[in-house]
Amino acid sequence: MKKVIKAFTFWFAILGVIVVLLNILKLDDMNIIMIGLNPILNILSSSSINISVIPYLWHILSLVTMVAYGLALDGIRYLLRDMKNK
């Protein structure tokens, strides 16, 4: 359990759920938190691809990208720890 709480993936997943909840509760009307602070979604929102056609796709993509950021940071931490031990 301690390893899970120390993992970036766990905290980024919780952050992603909070961001989606704020957006669903209309506390982020202009999508500043969900899209503006997420570089991948920011690029997708300014592209010519129309993602708004599918309901809740922005929310799903927000969760997926937040978990991906956590996995990337955990991977970097693992690689640094592995290099340090050699």
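Scroll up a little and you will see the structure.
Residues numbered from 1 in each chain as written. Predicted model: local features only at pLDDT ≥ 70, side-chain atom pairs only at ≥ 80, totals over all residues. Heavy atoms only, no water.

Trainee: I'd like a description of the side chain of Thr9, backed by residues and values.
Mentor: Position of Thr9 relative to the elements: it lies in helix 2 (residues 8–24). Side chain to side chain, Thr9 and Asp74 meet in a polar contact 2.6 Å long. Not counting chain neighbours up to four residues away, the residues in contact with Thr9 comprise Val67, Gly70, Leu71 and Asp74. (Helix = DSSP H or I, 4+ residues; strand = E, 2+ residues; numbered from the N terminus. Polar contact = N/O pair within 3.5 Å; in protein donor to acceptor, adjacent residues only side chain to side chain. Contact = heavy atoms within 4.5 Å.)

Trainee: Which residues make up unusual backbone geometry, and what values go with them?
Mentor: One non-glycine residue, Lys26, lies in positive phi territory at about 65 degrees. Structurally, Lys26 can be placed in the loop between helix 2 and helix 3 (32–36). Looking at Lys26, the relative accessible area reads 59%, which means it is exposed. In the Ramachandran plot, Tyr56 falls in the positive-phi region, its phi being about 65 degrees despite a non-glycine side chain. Mapped onto the elements, Tyr56 comes out in the loop between helix 4 (39–46) and helix 5 (57–85). In this structure Tyr56 comes out as exposed when scored by relative accessible area, which is 55%. (Buried < 20%, exposed > 50% of the residue type's maximum accessible area, 1.4 Å probe, protein only.)

Trainee: Residue-level account of the environment of Ile76, with values.
Mentor: Its location among the elements puts Ile76 in helix 5. Residue Ile76 is classed as partly exposed on the basis of its relative accessible area, which comes to 46%. Spatially, the C-alpha atoms of Ile76 and Tyr56 are 31 Å apart, while their sequence positions differ by 20 residues.

Trainee: Account for a nonpolar patch on the surface, naming residues and giving values.
Mentor: A surface patch of nonpolar side chains, about 590 Å² in accessible area, is lined by Met1, Val4, Ile5, Trp11, Ile14 and Ile18. Inspection of the secondary structure puts Met1 in the segment before helix 1 (2–6). Judged by its relative accessible area of 76%, Met1 falls in the exposed class. (Patch = residues over 30% accessible without salt bridge, like charges linked within 9 Å, V, L, I, M, F, W, Y side chains within 5 Å. Areas by Shrake-Rupley, 256 points an atom, 1.4 Å probe, with all protein chains shown as cover. Salt bridge = Lys/Arg side-chain N within 4 Å of Asp/Glu carboxyl O.)

Trainee: Go over the packing of helix 2 against helix 5, please, and point to the residues and values.
Mentor: Here helix 2 crosses helix 5 at 160 degrees, and the two axes come no closer than 8 Å. On the basis of their axis angle, the class for helix 2 and helix 5 is roughly antiparallel. By crossing handedness, the relation of helix 2 to helix 5 is classed as right-handed. Side by side, helix 2 and helix 5 meet where Phe8, Thr9, Phe12, Ala13, Leu15, Gly16, Val17, Val19, Val20, Asn23 and Ile24 of the first sit next to His59, Ser62, Leu63, Met66, Val67, Tyr69, Gly70, Leu71, Leu73, Asp74 and Arg77 of the second. Considering only residue class, the contact of helix 2 with helix 5 consists of 14 nonpolar, 6 polar and 2 charged. (Axes fitted to C-alpha atoms, helices over the stretch in contact; angles between N-to-C directions. Parallel < 35°, antiparallel > 145°, perpendicular 65-115°, else oblique. Left-handed = near helix turned anticlockwise from the far one by under 90°. Nonpolar A, V, L, I, M, F, W, Y, C, P; charged D, E, K, R; others polar.)

Read these as layout, nothing more, since geometry by itself doesn't imply function.
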